[in-house]
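Remarks on the overall topology
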Amino acid sequence: MQTTTMTDAMRPPVPAEPGAGVYSNKLGMWVFLASDVMFFTALIGSYIVLRFGMATSWARPGAVLNVPLTGLNTFLLICSSVSMVKAYAAIADGKKYFLRKVPGKTLQDGGLKFWMLITIICGAGFVGVQVFEYIKLVGHGFTPTGYREGSVLAEHALADPVKYGAGVAGMYGSTFFTMTGFHGFHVTCGVISMLYLYFTKVLPEKYSPQDYRGIEVIGLYWHFVDLVWIILFTIVYLI
Amino acid sequence: MTSVAHAKPAGGAHDAHHAPMSFWRKYIFSTDHKIIGIQFLFVSLFFLLVGGLLAMQIRWQLGFPGKPMPGGGILPESMVSGGVILPEYYIQLVTMHGTFMVFFAIMPLLVGVYANFLIPLKIGTHDMAFPRINMWSFWLALLAGLIMLAGFFVPDGAARCGWTMYAPCSARPDLSGATYSQQLWSISIVVLGLSSVMGSVNYITTIINHRAPGMTWFRMPLSVWALFITAILAVLALPVLQGAAIMLLFDQTIGTHFFDPGAGGQPLLWQHLFWFFGHPEVYILILPAMGMVSDIIANGSRKPIFGYHSMVFAIIGIAFLGWIVWGHHMFMSGMNPTLGSTFMVSTLLIAVPSAVKVFNWMGTMWRGNLRFHVPMLNAIGFVSMFTIGGLSGIFMAATPVDIPIHDTQFIVAHLHYVLFGGSLFALFAAIPYWYPKMFGRMMSERIGKLHFFLTFIFYNMTFFPMHIIGMGGQMRRIYDPTIYDFLKPQQPINEFISYSAFALFAVQILFAFNFLWSLKFGKKAPQNPWEDNGMEWSLPNPAPHGNWDKTPNVYRGPYEFSAPEAGDKDYLPQYVKLPTDRDPIPAPLSAGGH
């Protein structure tokens, strides 16, 4: 500031507002994620209250749900988080391309287009496996209202009520489908947003090492959704 | 780290205002924060009218049970029989009155209208951080309101079970007697929650990142502080209600059993989730009112606000305490007495920051050069009525007192003293105060004063006796008080309340007339009609699209009334640069800026 006529009588200057030190899109996403935390808190908190408020215990882990398959699915989602980081690092280094055709270079040297595609495929794959899992479960008789009458699971539950948590199947189905369903909905929204970015920004090479805000913001969301799944997988499938 | 990444999106919005826009882009699908605020204003005033009409029918039934309601003949047979309100319709009335007033009238009036309209103007920026998300926030709120309204037109009538939608009544159609409208209620709340979160993300981001140079945190007007804290509450509280409403919707539609005790669900869980949202919601409904009233009282007293910093910390304190008191709505729901005592203590603690605010308002007015313009009168009305509402709140916070008055008309009196006497009086102050900034004209002072005095009188005649009949044991949502012998002696008071309520409603015609008439025929507003210090008054009335051509500088706090430097005037706006003022240093680009 040029103040050639500065005198002692003048008030000290006030620094302009630096804000949060991050750009608004990113700040907005953080605030939204705080709100989303509260949404999942409502669902997970209800699950805990309902499950431990029951007179009899839940079905044993693995009795109804296919834990290995979902474990694989969890791995897929974690991979997508890794590829998201790789996409972020690629564009920060200015690698907009798909794969560089240089002898001796490996997949590790993929560009933004490559890693974003991997992320989208992993995310869509997660949703696909979850849909497959739902179809299988409903086929076995596991529904949001409990074990369907006359289904395989209903017969199992009659034979071994403790293992299959026969008395609390309705609540088991209610919480399972609500929590995993809304997580799946979040993943689907993320995949759709990434597809949109892929065709409007990534393929036309709109991002540069100077400005890749979209990738960073969607990355925040993606890692959050991934983190929620780690928690859900633990409390819904493993315990 | 890089300059591109730091470019403020507001710059883009600013450039856009030079291009001519079609009527639709400018007034209907507008992304301008001021137009969105005005859209919210008209829509929520409409829902305020709907809620008021429902209240009139409630008062008819309570004052004159069993008598045909005038004009009741136009309602279908499922609601009235020979003009007499049926019990099934009465429970719809109380449910929808509460729902509309809380979610679609007071909350959008305070947050939708004034957060949108005031935040960018008062912090000196061109628009919200995310103008398009802001537009969606409005359209989703309108959609939610229409879904709720549609409840009256589906076969089995509107939602019942009270605005709190306690389970299992709300979860099971066989208990509530309504299928579609209960589902519409849940869907509407989910959509409204989405709208509210989108709006609040915008407000928080805008206030943190888009303040004009020199607008430090402690130079922000208290209205902006209050709206900021309110937005934080909304962003964290609404998703909980959304989650609960989604579970309720699943109970109603796909046969889950979250809240159905017959199948192992927990009705108390609904109460916990609802009030975990509901108590922060109470402060969402009062904090913006407190903020705007602080601005108006400082202006009307021509004095700096008394204890600015303590006002800010009181807002923060109230908001924090608001998270740990939800159990006081559930003292009678079956709670461990030790836990009840904890909630009692935390609730009583809220009286401390609330009293700080009330005393600061009085300290501001004390020996001020008072100007009793309409906003000031209504602001004083707010302070006095909020005090009564706050004191009756202490009655209910104390568990031993709450047990007999729980779910009586005493509660109705209390919540109307804070919601009508508090929030609505603040709105009667805020609407004429910022009316010139919205429409370029003044509302009539004469009609405004008449409206204030009549509203103040009839409002107290309506709601104060409710304390008495509540103490006498009249239940909160009772259909016909005369069925109990012990309530019969109170019936003349009920009639008195009803007459007062009808008069109160009639007086609001003055306000509606004043509001609509002044749109076209009001006196042209001078640039700074209230001689206020806020940034918004540096703009012409109404404020142009994009607000300022160049981001303004801020030189001082918002309450420099009667400052010695001001010369012959008794106010010193935030945007005026005195010879002794220096320009703010341009913002440094922070390190690691990603």
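This is a predicted model, so every value here is computed, not measured.

1. Regarding the overall build of chain B
Helix and strand content of chain B: 18 helices and two strands. The C-alpha radius of gyration computed for chain B amounts to 24 Å, which stays within 12% of the reference 25 Å derived for 594 residues, consistent with globular compactness. Taking the principal axes of the C-alpha coordinates as reference, chain B spans close to 75 × 55 × 50 Å. Buried positions account for 57% of the 594 residues belonging to chain B. Sequence-distant contacts in chain B: of pairs separated by 6 or more residues, those separated by 24 or more amount to 82%.

2. So, the overall build of chain A
Helix and strand counts for chain A stand at six helices and two strands. Reading the secondary structure of chain A in the N-to-C direction produces α-α-α-β-β-α-α-α. Taken over the C-alpha trace, chain A has a radius of gyration of 24 Å; the compact-globule value for 239 residues is 18 Å, which it surpasses by more than 25%. Across its three principal axes, chain A shows a C-alpha extent of roughly 90 × 60 × 25 Å. Counting across all 239 residues of chain A, residues that qualify as buried make up 40%. Put simply, of all contacts in chain A between residues at least 6 apart along the chain, 75% involve residues at least 24 apart.

3. Quick word on the packing of helix α5 (residues 87-123) of chain B against helix α8 (residues 180-209) of chain B
All names here are of chain B. Direction vectors running N to C along α5 and α8 enclose 20°, while the axes themselves pass 11 Å from each other. Overall, the two elements α5 and α8 adopt an arrangement that is roughly parallel. As for the relative orientation of α5 and α8, their crossing is left-handed in sense. Here Phe-103, Val-111, Gly-112, Ala-115, Ile-119, Pro-120 and Ile-123 of α5 come into contact with α8, specifically with Leu-192, Gly-199, Tyr-203, Thr-206 and Ile-207. Tallied by class, the residues present in the contact of α5 with α8 amount to nine nonpolar, three polar and no charged.

4. Some words on the confidence of the model for chain A
For chain A, the average pLDDT comes to 88, and 91% of its residues sit at 70 or higher. Long-range and interchain partners of residues 1-8 of chain A, a stretch whose pLDDT sits below 50, account for four contacts in this model, where long-range means more than four residues apart.

5. Some thoughts on the confidence of the model for chain B
Residue and element names in this part refer to chain B. Per-residue pLDDT for chain B averages 91, and the proportion of residues at 70 or more is 95%. Between residues 1-18, whose pLDDT stays under 50, and residues either more than four places distant or in other chains, the model counts 29 contacts. Contacts from residues 589-594, a stretch scored under 50 in pLDDT, to residues over four places away or in other chains number 12 contacts. The complex model carries a pTM of 0.92, and its ipTM stands at 0.90.

6. Let's talk about unusual backbone geometry
Residue and element names in this part refer to chain B. In this model, Ala-167 is joined to Pro-168 through a cis peptide bond whose omega is 0°. At Cys-161, a residue that is not glycine, the phi angle is positive and equals roughly 80°. With respect to the secondary-structure elements, Cys-161 resides in the loop between α6 (131-150) and α7 (173-176). Accessibility expressed as a C-beta count within 10 Å gives 23 for Cys-161, which makes it buried. Residue Asp-407 is not a glycine yet carries a positive backbone phi of 60°. Inspection of the secondary structure puts Asp-407 in the loop between α15 (399-405) and α16 (409-439).

7. A word on the nonpolar core
All names here are of chain B. The biggest cluster of nonpolar side chains holds 243 residues, and the ones touching the most others in it are Val-293 and Ala-429. At 25 residues, α5 tops the list of elements feeding residues into this core. Setting aside chain neighbours within four positions, we find Val-293 in contact with Ala-379, Phe-382, Val-383, Ala-426 and Ala-429.

8. Quick word on helix α6 (residues 213-238) of chain A
Because the α-helix completes a turn every 3.6 residues, residues three or four places apart line up on one side. Residues and elements named next belong to chain A. Here α6 spans 37 Å end to end across 26 residues, near enough to the 38 Å set by a 1.5 Å rise per residue. Where α6 bends most, at Leu-232, the angle is about 25°. If you follow the buried residues of α6, they end up packed against α1 (24-52), α2 (67-92) and α5 (169-202).

9. A few points about the environment of Tyr-164 of chain A
All names here are of chain A. Here Tyr-164 shows up in the loop between α4 (152-159) and α5. Residue Tyr-164 is classed as buried on the basis of its 24 C-beta neighbours within 10 Å. Distance in space between the C-alpha atoms of Tyr-164 and Arg-60 is 6.4 Å, their sequence separation being 104 residues. Beyond its immediate chain neighbours, meaning those up to four positions away, Tyr-164 contacts Ala-59, Ala-63, Val-64, Leu-153, His-156 and Ala-157.

10. Some details on the environment of Val-131 of chain A
Residue and element names in this part refer to chain A. Within the secondary structure layout, Val-131 lies in helix α3 (residues 112-140). Judged by local crowding, Val-131 falls into the exposed class, with 12 C-beta atoms found within 10 Å. Each C-alpha atom, one on Val-131 and one on Val-187, is 12 Å from the other, the two residues being 56 residues apart in sequence.

11. As for helix α18 (residues 491-521) of chain B
All names here are of chain B. Taking 1.5 Å per residue, 31 residues should reach 45 Å; α18 reaches 45 Å between its end C-alpha atoms and fits that length. Those residues of α18 lying buried are Asn-494, Ile-497, Ser-500, Ala-501, Leu-504, Phe-511, Asn-514, Phe-515 and Ser-518. Along its buried surface, α18 packs onto α4 (33-63) and α17 (445-471).

12. Some points on the environment of His-416 of chain B
Residues and elements named next belong to chain B. Positionally, His-416 belongs in helix α16. Classification of His-416 by C-beta neighbours within 10 Å gives buried; the count is 21. In the structure, His-416 is positioned 50 residues away from Met-466 in sequence and 9.9 Å away in space, judged by C-alpha atoms.

What counts, and at which threshold
- Residues numbered from 1 in each chain as written.
- Chains lettered and ligands numbered in written order.
- Predicted model: local features only at pLDDT ≥ 70, side-chain atom pairs only at ≥ 80, totals over all residues.
- Helix = DSSP H or I, 4+ residues; strand = E, 2+ residues; numbered from the N terminus.
- Rg over C-alpha atoms; globule rule 2.2 N^0.38 Å.
- Buried ≥ 20, exposed ≤ 12 C-beta atoms within 10 Å, placed from the backbone.
- Contact = placed C-beta atoms within 7 Å.
- Axes fitted to C-alpha atoms, helices over the stretch in contact; angles between N-to-C directions.
- Parallel < 35°, antiparallel > 145°, perpendicular 65-115°, else oblique.
- Left-handed = near helix turned anticlockwise from the far one by under 90°.
- Nonpolar A, V, L, I, M, F, W, Y, C, P; charged D, E, K, R; others polar.
- pLDDT = per-residue confidence, 0-100.
- Core = buried A, V, L, I, M, F, W, Y, C linked by C-beta atoms within 7 Å.
- Expected span 1.5 Å × (residues − 1).
- Bend = angle between axes of the 7 residues up to and from the residue.

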